[in-house]
Amino acid sequence: MEDGKVMNNILYEDNHIIVVEKKINIPVQEDDSKDLDLLSIIKKYLKDKYNKPGNVYLGLIHRLDRPVGGVMVFAKTSKAASRLSEQVRTHKMSKKYYAVVEGKLDTEATLKDRLLKDRKNNIVKVDQNGKDAKLSYKVISRRNNLNLVDIDLKTGRSHQIRVQFSSRNNPLYGDQKYNKKALVGEQIALFAYNLSFYHPITKELMTFKLQLPNRY
């Protein structure tokens with residue numbers, strides 16, 4: 001993703017926040033790969049647009065896994081970052097996803113688990129010593145062994161959607177980490193299509209929604 005393409009992916013921007021569409025396979029922040037990350041791309045965009053000297057502040061509020069695309073909000077001030085982070089902590093920020101899930105699946109359900117992160121191996125597993133994780137889903141359509149589901153994420157744990165479904169033998173299509181049947185090179189079918197939160201300054205409820213990608 002070239003720096004200039006960020007401008008085409010900006011959904012909203014004011015003095016306090018910037019909302020963008022994260023493209024697939026771009027890390028949100030710098031990782032071991034040292035590939036260009038979204039934080040750096042947006043910082044450069046802001047620095048160039050406003051001709052800012054020195055470092056540009058950009059607050060990271062939430063994350064999407066590297067292979068996952070969708071809506072993200074970043075804070076342009078520390079005050080906005082603090083208030084948005086509080087919304088994440090108190091579950092006032094709403095995040096919805098589309099996913100393609102394999103296997104037999106109830107039409108709708110709420111999944112509750114405790115998830116523990118294995119930082120050494122960079123995986124997450126269901127473990128009673130972990131943190132509470134909750135999501136609700138509805139099946140939109142079915143085809144063969146695949147289900148297109150609409151997910152309302154109640155908590156924002158690392159790899160949460162992927163692990164909660166895979167632990168029930170319903171892995172996400174193309175998930176290279178948690179789906180043993182995924183073929184090398186397949187793209188995970190998970191997309192953050194809807195994000196709602198209260199503006200950190202005006203308190204206005206803001207909702208940003210993306211269309212379901214064609215490949216779904």
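Residues numbered from 1 in each chain as written. Predicted model: local features only at pLDDT ≥ 70, side-chain atom pairs only at ≥ 80, totals over all residues. Heavy atoms only, no water.

**Student:** Hey, could you run me through the environment of Phe197 in this one?
**Tutor:** Its location among the elements puts Phe197 in strand 10 (residues 190-198). Along the chain, Phe197 and Leu39 lie 158 residues apart, while their C-alpha atoms are 20 Å from each other. Sequence-distant contacts of Phe197, defined by excluding residues within four places in its chain, comprise Ile17, Val19, Val73, Leu84, Gln87, Lys92, Met93, Glu204, Leu205, Met206 and Phe208. (Helix = DSSP H or I, 4+ residues; strand = E, 2+ residues; numbered from the N terminus. Contact = heavy atoms within 4.5 Å.)

**Student:** Can you help me understand the side chain of Lys22 in this one?
**Tutor:** Within the secondary structure layout, Lys22 lies in strand 2 (residues 17-22). Of the side chains with opposite charge, Asp65 comes closest to the buried, unpaired Lys22, at an N-O distance of 8.4 Å. Within the structure, Lys22 has its side chain in polar contact with the backbone oxygen of Val68 (distance 2.7 Å). Not counting residues within four places of it along the chain, the set of residues in contact with Lys22 comprises Val28, Leu38, Leu64, Asp65, Arg66, Val68, Gly69, Gly70 and Met72. (Buried < 20%, exposed > 50% of the residue type's maximum accessible area, 1.4 Å probe, protein only. Lys, Arg positive; Asp, Glu negative; His and termini not counted. Salt bridge = Lys/Arg side-chain N within 4 Å of Asp/Glu carboxyl O. Polar contact = N/O pair within 3.5 Å; in protein donor to acceptor, adjacent residues only side chain to side chain.)

**Student:** Where do I start with the pairing of strand 11 (residues 205-209) in this structure?
**Tutor:** Sheet faces and side chains relate simply in a regular strand, where the side chains alternate between the two faces. Here strand 11 shows one buried face, formed by Met206 and Phe208, and one open face, formed by Leu205, Thr207 and Lys209. Bridge count for strand 10 against strand 11 is 5 bridges, and the pairing is antiparallel. Within strand 11, the residue paired with Ser196 across the bridge is Thr207. Following strand 10, the chain reverses through 6 residues before pairing antiparallel with strand 11; Lys203 in that reversal takes a positive phi of roughly 70°. (Pairing = 2+ DSSP bridges.)

**Student:** What is the right way to look at a positive patch on the surface in this model?
**Tutor:** A cluster of basic residues, Arg63, Lys117, Arg119, Lys131 and Arg157, forms a positive patch at the surface. Turning to its location among the elements, Arg63 is positioned in the loop between strand 3 (59-60) and strand 4 (69-75). Using a relative accessible area of 55% as the deciding quantity, one classes Arg63 as exposed. (Patch = residues over 30% accessible without salt bridge, like charges linked within 9 Å, V, L, I, M, F, W, Y side chains within 5 Å. Areas by Shrake-Rupley, 256 points an atom, 1.4 Å probe, with all protein chains shown as cover. Charge placed at Lys NZ, Arg CZ, Asp CG, Glu CD.)

**Student:** Which parts of the structure should I look at to understand the pattern of salt bridges?
**Tutor:** A side chain with one charge may pair with a side chain of the opposite charge, provided their charged atoms come close. In the structure shown here, the tally under the stated rule is 14 salt bridges. Among the salt bridges present, the one from Glu21 reaches Lys23, with a minimum N-O distance of 3.5 Å. By relative accessible area, which is 17% here, Glu21 ends up buried. Between Asp48 and Lys44 there is a salt bridge, with its nearest N and O atoms 2.8 Å apart. With Asp48 and Lys44 both in helix 1 (residues 38-50) and 4 residues apart, the pair spans about one turn of that helix.

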